[in-house]
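# Structural description and commentary
Here is what each chain is made of, one letter per residue.
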Amino acid sequence: MESGNVVIIGGVAAGTKAAAKARRENPDLKVTVLTRESYVSYAGCGLPYYIGDVIREEKELLVKKPEDFLIDYDIDVITGIEALKIAPEEKTVTAKDLSDGAVREFNYDKLVLATGASPSIPPVKGKELGNIVTVRTLREAFAIKKLLRERNIKKAVVVGGGMIGLEVAENLVHTGIKTTVVELAPHSERQLFQSLCGIVHFFDASAVAR
Ligand SMILES: Cc1cc2nc3c(=O)[nH]c(=O)nc-3n(C[C@H](O)[C@H](O)[C@H](O)COP(=O)(O)OP(=O)(O)OC[C@H]3O[C@@H](n4cnc5c(N)ncnc54)[C@H](O)[C@@H]3O)c2cc1C
């Protein structure tokens, strides 16, 4: 890649890896990462275990801090900023600073979208209540742990019986919470072969029973 400006939107796994790779490929590039979160480069796979107190320290989930990227790789990571508009002809990204609402424009030669995914929340009544939460970001995991601690939660329902749902359920059980997993498919953990599902049913039942 020739020299120029690389702008990356998203700063967790894909965004920070793309930024580091761009830097390794070309030391002359200007590399900027924009992310609406305040944390970057964290281990999503650790979130259920943080909720379950297996991982106790918040810092254990953080691979790098935003400022580390500038020091280690000369990559500018701008947190708390949301990309609102991409103009491919002008090669610009318009973004809003979430702290004060200020709008900024970034020029790019190459643009990387590493914006990940968002949880889908079923259209259930009361979903705006404070005790209905999603598990996707580090901030959400912090909020769940606070909720468990402050409200002395005794029972939980996990919607979604895929890998993440089961890991969250396992960790809630680990903290002494009676947990039920609700899954649309006839069996949980869709990725498993049908022949293995009997074992998973057994696991689910024992988790709920404890
Ligand atoms: C609870 C949990 C457990 C998991 N366990 C595992 C596991 O065991 N093994 C495994 O391989 N994977 C696991 N994963 C999946 C893994 O964490 C994800 O695949 C990974 O985080 C995806 O990284 P990403 O960078 O593509 O997207 P994301 O992590 O979603 O990051 C995208 C970032 O872009 C930001 N963003 C989005 N839109 C904008 C915008 N307009 N402007 C600015 N920023 C924006 C988002 O706020 C976010 O910070 C788990 C995920 C979760 C939630």
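Scroll up a little and you will see the structure.
Remember, predicted model here, so these are calculated numbers, not experimental data. (Residues numbered from 1 in each chain as written. Predicted model: local features only at pLDDT ≥ 70, side-chain atom pairs only at ≥ 80, totals over all residues. Heavy atoms only, no water.)

### Observations regarding the packing of aromatic side chains
Just so we agree on the cut-off: Only centres within 6.5 Å qualify two rings of Phe, Tyr or Trp (six-membered ring in Trp) as a pair; their planes then separate them into stacked at under 30 degrees, edge-to-face at over 60, and tilted for everything else. Numbering goes from the N terminus for both helices and strands, where a helix is a DSSP run of H or I of at least four residues and a strand is a run of E of at least two. Buried means the residue's accessible area, taken with a 1.4 Å probe over protein chains only, is under 20% of the maximum for its type, while exposed means over 50%, and partly exposed covers the values in between.
Enumeration over the complete set of coordinates arrives at three aromatic pairs. Measuring from centroid to centroid gives 5.5 Å for Y50 and F142, while their planes differ by 70°, and the two rings are edge-to-face. You can see Y50 sitting in helix α2 (residues 47–51) and its partner F142 sitting in helix α4 (residues 138–151), a full 92 residues away along the chain. Neither residue differs from the other here; Y50 and F142 are each classed as buried. For the pair F69 and Y73, a centre-to-centre distance of 6.0 Å together with 45° between the ring planes defines the contact as tilted. Of this pair, F69 and Y73 both sit in helix α3 (residues 66–73), separated by four residues, roughly a single helical turn. Residue class for F69 comes out buried when judged on its relative accessible area of 3%.

### Some details on the site of the ligand
Put simply, the test is: One heavy atom suffices: a residue is near a molecule or strand as soon as one of its heavy atoms comes within 4 Å of it. Nitrogen and oxygen atoms within 3.5 Å of one another constitute a polar contact, given that in protein one can donate a hydrogen and the other can accept it, and given that sequence-neighbouring residues count only through two side-chain atoms. Under the convention used here, a 1.4 Å probe and the Shrake-Rupley method define accessible areas, while residue burial counts only the protein chains that appear.
Taken together, the neighbourhood of the ligand is formed by 23 residues, with A13, A14, E37, A83 and R136 sitting nearest. In this structure, A14 approaches the ligand through a main-chain N or O atom, which is 2.8 Å from an oxygen atom. Taking 1000 Å² as the accessible area of the ligand by itself, protein coverage stands at 76%. Among the secondary structure elements, those contributing two or more residues to the shell around the ligand are α1 (13–25), β4 (81–87) and α5 (163–174).

### Comments concerning the pairing of strand β9 (residues 178–182)
This is how it is decided: Only strands joined by at least two bridges in the DSSP assignment are considered to pair. A crossover gets the label right-handed when its path from the first strand over the helix to the second runs clockwise, viewed with the strands pointing away from the viewer.
One ladder, built from five bridges, connects strand β8 (residues 155–159) with β9; its direction is parallel. Across the sheet, residue V159 finds its bridge partner in β9, namely V182. Crossover β8 to β9 through α5 is right-handed.

### Looking at the environment of V6
Along the chain, V6 turns up in strand β1 (residues 5–9). According to the relative accessible area criterion, V6 is buried, its value standing at 3%. V6 sits 27 residues away from V33 along the chain, and the two C-alpha atoms are 8.5 Å apart.

### Looking at the sheet that holds strand β2 (residues 30–34)
The following threshold applies: Under this scheme, a helix contributes an axis fitted over its contacting stretch, all axes are lines through C-alpha atoms, and angles between N-to-C directions fall in the 0 to 180 degree range. Between two residues, a contact is recorded if the distance between any of their heavy atoms is within 4.5 Å.
The sheet built from four strands is open, its strands ordered β3-β2-β1-β7 with parallel pairing. Each edge of the open sheet is held by one strand with a lone partner, namely β3 (75–78) and β7 (110–113). Within the sheet, the average angular offset between the axes of one strand and its neighbour, ignoring direction, is 15°. Two strands pair when backbone bridges link them, and β1 and β2 are joined in this way by five bridges, in the parallel orientation. From the neighbouring strand, V6 faces β2, where its bridge partner is V31. Against the sheet, α1 touches β1, β2, β3 and β7, its axis set at about 175° to β2.

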